[in-house]
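Close look at the chain arrangement
Chain by chain, the residues:
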Amino acid sequence: MYSPSVGVTSTQTTEYGNRLFVYEVVGLSQNTDNDNLDYPIRRSGSVFITVPYKRMNQEMRRINRMGGRIVSIKPLNADTPLQVSSNPPKPQVVEPPQSNKQPTSKSMTETKEKATIPVNIYRPNNPYIGKCVENYPLVAEGGSGIVQHLTFDISGGDLHYVEGQSIGIIPPGTDDNGKPHKLRLYSIASTRHGDMKDDKTVSLCVRQLEYQHPESGETVYGVCSTYLCHLEAGADVAITGPVGKEMLLPDDEDATIIMLATGTGIAPFRAFLWRMFKEQHSDYKFKGLAWLIFGVPYTANILYKDDLEKMVEDYPENFRLTYAISREQQNKDGGRMYIQHRVAEHAAELWEKLQDPKTHLYMCGLKGMESGIEEGLSPFAQEQGVEWSDFVRKLKKEHRWHVEVY
Ligand SMILES: Cc1cc2nc3c(=O)[nH]c(=O)nc-3n(C[C@H](O)[C@H](O)[C@H](O)COP(=O)(O)OP(=O)(O)OC[C@H]3O[C@@H](n4cnc5c(N)ncnc54)[C@H](O)[C@@H]3O)c2cc1C
């Protein structure tokens, strides 16, 4: 069990960071003073270098600098070599959302060219070891819970991704059975170019899971989210992926992109909106309509609030922002304002937009959102004589219905 008041990151990172791995390296030549090797170099054949987990990336870069090639990596005392991170396995390639299958009725937003989407470049048995470069709070004073924006340096390997994908994080330490923790997935909150616009980082938006144990009543903190929310700049982090092709953004610059988010469900939409409005690209200039309906409990919980509102100011024709602030706003029946109430309020307009093959609907955030959206839209569909399930099936078939809930 974790408590945010204990030094979660320092002790566990150290314990994990001390796991030892053996690199088998060929072709090394020591030629700079900086390389300060503490192992002998043979002219031919392999050199075996023992490296603690926390220094794996650093050591790989040093070996590369010295012209060496890593031919295998083994955990110390393990028989099976891991795959080599400096020369990672060729990523599986999948095609983008609308072009991987031929829908019966083709969406107007089919990608013009078949771009390639990277998946599983790094797997759990061979994670990429990134470094935390930034970790700052997103919840303003008076808001509920802890939500952090984290950025990791991924410059030392081959990790790359596109908007709408997720990465896995393997928290350090072991579970109750003494086995290494399993990875947890997090939606990527940055564009493919990263927050520094240099293609060398990946960012996440993470909420610390906190709940009362149903039997003991004790407060329980989630393992990985607590680890991440308290991660210090400079700390190593084990990353897998990227994964996911459900939430990809169509290439069509004239598309209508309706985004429904609750809490950290904003993450992939931050990536979309940054690509549409904050970055400049020669091959993508968004001219369509993006509409974000964002559900949070309090105004202080509106993640990336200033950026979102600045985008509305700068692009009033192309970006629309609607909040559902459950603890501060009331729905028409006097109850709390949830996202489905906003959807119901705008049902006619949403319905009309969804008839256009250029419109995509995305949902990300809390499990159960999908039924909430159905609650908001299906009565309207019924009024039009359309069965809700048939309508959703049609949108799915056309690759215009994108859901990621957790
Ligand atoms: C595709 C995908 C994308 C995701 N993106 C994000 C993201 O962008 N940001 C983000 O913060 N999270 C995201 N998540 C969720 C994330 O993967 C983790 O599930 C989350 O951070 C909790 O992990 P943890 O290790 O902290 O919790 P754990 O220690 O794994 O605890 C989780 C477990 O606690 C128990 N539990 C949880 N709540 C309760 C409760 N109220 N009562 C009783 N038991 C409970 C359940 O058994 C649950 O399985 C995403 C998940 C998926 C699948």
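Computed from a predicted structure; not experimentally measured.

As for its placement among the helices and strands, H160 is situated in the loop between β7 (147-153) and β8 (166-170). The exposure class of H160 is partly exposed, given its relative accessible area of 36%. Taking the C-alpha atoms as reference points, H160 and H193, separated by 33 residues in sequence, lie 8.9 Å from one another. Non-local contacts of H160, meaning those with residues more than four positions away in its chain, are made with P118, I121 and P242. For H160, the side chain forms a polar contact with the main-chain oxygen of D158, separated by 2.7 Å.

Let us look at the sheet that holds strand β10 (residues 201-207). Ordered by their spatial adjacency, six strands build an open sheet running β9-β8-β13-β6-β7-β10, and the pairing between neighbours is antiparallel. The two strands at the open ends of the sheet, each matched to only one other strand, are β9 (184-187) and β10. Across the sheet, the mean angle from the axis of one strand to that of its neighbour is 40°, orientation sign disregarded. Direction of pairing for strand β6 (residues 128-137) relative to β7: antiparallel, over a ladder of six bridges. When the bridges of β7 are listed, N135 appears paired with L150.

Moving on, we get to the site of the ligand. By nearness alone, 16 residues border the ligand, and R184, L185, Y186, C224 and S225 come closest of all. A distance of 2.6 Å is found between an oxygen atom of the ligand and a backbone nitrogen or oxygen belonging to L185. In this structure, R207 approaches the ligand through a main-chain N or O atom, which is 2.9 Å from an oxygen atom. Relative to its unbound accessible surface of 980 Å², the ligand loses 64% to contact with the protein. The set of elements that each furnish at least two residues to the shell around the ligand consists of β9, β10 and α3 (223-229). It is β9 that contributes the most residues to the shell around the ligand, four residues altogether. Partitioning the shell around the ligand into residue classes produces nine nonpolar, four polar and three charged.

Analysis parameters
- Residues numbered from 1 in each chain as written.
- Predicted model: local features only at pLDDT ≥ 70, side-chain atom pairs only at ≥ 80, totals over all residues.
- Heavy atoms only, no water.
- Helix = DSSP H or I, 4+ residues; strand = E, 2+ residues; numbered from the N terminus.
- Buried < 20%, exposed > 50% of the residue type's maximum accessible area, 1.4 Å probe, protein only.
- Contact = heavy atoms within 4.5 Å.
- Polar contact = N/O pair within 3.5 Å; in protein donor to acceptor, adjacent residues only side chain to side chain.
- Pairing = 2+ DSSP bridges.
- Axes fitted to C-alpha atoms, helices over the stretch in contact; angles between N-to-C directions.
- Near = heavy atom within 4 Å.
- Areas by Shrake-Rupley, 256 points an atom, 1.4 Å probe, with all protein chains shown as cover.
- Nonpolar A, V, L, I, M, F, W, Y, C, P; charged D, E, K, R; others polar.

Limitation: the analysis is restricted to geometry and does not speak to function.
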